[in-house]
Amino acid sequence: MHGLVAFSFGMRGEKAGPCLSNVDLAREVERIVQEVGDGIAVVVQHEIGSLLNFTGRKPTKLHLVTHHRRPGVYLDSEEVMAQADVFFQELGDNPPGIPVVRNIFVVAQPFLHLTKCRRLAEQAGYVILSWSMSRIRFDRQSTQRWTRSWYQLLWYAIKQKLFGHRGR
């Protein structure tokens, strides 16, 4: 069985509609599920999960990451990967013939975020499966400044590296 972990990127206020980046990321998740077919376990952040509309093949297992396991803590990429790891390990308790997931697709904003998310998955011991990703837009209306453009994401990454700055 293959796995897929999709990391959201940005958000808008509730009345502003979905973030464009997450719309594109949801489309990528749907495309991979259609291409892989049966036998894929999918973990997505809730911003992406709310946009999924599987028409045809559906994932064998689907898990939505809605919040950090510690109350009041920002749901970051590290926490999404940690919850995905737990989910994939628990699949090993399923009936015979459904192995623990070790090979996964990582779906994330390709500019910097994808590299970080792949590194998190590799550090957790997963083999990353590659595919050709479509364009993922930035969203100038996102409430998170670092997800509005490539240069704001670059500045955010520099602040993270130098000062340990974290999102909110």
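Up top you'll find the structure we're talking about.
Residues numbered from 1 in each chain as written. Predicted model: local features only at pLDDT ≥ 70, side-chain atom pairs only at ≥ 80, totals over all residues. Heavy atoms only, no water.

Engineer: Sorry, what's going on with the environment of Trp146 here?
Structural biologist: Of note, Trp146 is situated in the loop between strand S5 (127-129) and helix H5 (150-163). Here Trp146 falls in the buried class, since its relative accessible area comes to 16%. Sequence separation of Trp146 and Gly10 is 136 residues, and the distance between their C-alpha atoms is 8.1 Å. (Helix = DSSP H or I, 4+ residues; strand = E, 2+ residues; numbered from the N terminus. Buried < 20%, exposed > 50% of the residue type's maximum accessible area, 1.4 Å probe, protein only.)

Engineer: Explain the pattern of salt bridges here, please?
Structural biologist: If the charged atoms of two oppositely charged side chains come close together, the side chains can form a pair. Applying the stated criterion across every chain yields a total of 7 salt bridges. Taking the shortest distance from any N to any O, the salt bridge between Glu28 and Arg31 comes out at 2.7 Å. Of this pair, Glu28 and Arg31 are both found in helix H1 (residues 20-36), 3 residues apart, which corresponds to roughly one turn of the helix. Between Arg31 and Glu35 there is a salt bridge, and its shortest N-O distance comes to 3.2 Å. In this pair, Arg31 and Glu35 both sit in helix H1, 4 residues apart, roughly one turn of the helix. Looking at Glu35, the relative accessible area reads 53%, which means it is exposed. A network of salt bridges, in which partner residues are shared, links Asp24, Arg27 and Arg137. (Salt bridge = Lys/Arg side-chain N within 4 Å of Asp/Glu carboxyl O.)

Engineer: Is there a simple way to think about H5 in this case?
Structural biologist: Because the α-helix completes a turn every 3.6 residues, residues three or four places apart line up on one side. The end-to-end C-alpha distance of H5, which contains 14 residues, comes to 20 Å, matching closely the 20 Å that a straight helix rising 1.5 Å per residue would cover. With its phi angle positive at about 70°, Gly164 sits one or two positions after the end of H5. (Expected span 1.5 Å × (residues − 1).)

Engineer: Would you take a moment to explain the environment of His113 for this structure?
Structural biologist: When you line up the elements, His113 lands in helix H4 (residues 113-123). Since its relative accessible area comes to 11%, His113 is described here as buried. Sequence separation between His113 and Thr147 is 34 residues, and the spatial gap between their C-alpha atoms is 9.9 Å. When near neighbours in sequence (up to four residues on either side) are disregarded, His113 contacts Phe7, Ser8, Phe9, Ser77 and Ala108. (Contact = heavy atoms within 4.5 Å.)

Engineer: Even after reading the chapter, I still don't get the packing of helix H3 (residues 77-90) against H4, so can you show me in this structure?
Structural biologist: Packed helices, taken two at a time, are described by the angle between their axes plus the distance between the axes. Running from N to C, H3 and H4 point in directions that differ by 40°, and their axes come no closer than 10 Å. By the angle class used here, H3 and H4 are oblique. Considering how the two elements wind past one another, H3 and H4 form a crossing that is right-handed. Counting all contacts with H3, which are made through Ser77, Glu78 and Met81, the residues of H4 involved are His113, Lys116, Cys117, Leu120 and Ala121. Taken together, the residues that form the contact of H3 with H4 break down as 4 nonpolar, 2 polar and 2 charged. (Axes fitted to C-alpha atoms, helices over the stretch in contact; angles between N-to-C directions. Parallel < 35°, antiparallel > 145°, perpendicular 65-115°, else oblique. Left-handed = near helix turned anticlockwise from the far one by under 90°. Nonpolar A, V, L, I, M, F, W, Y, C, P; charged D, E, K, R; others polar.)

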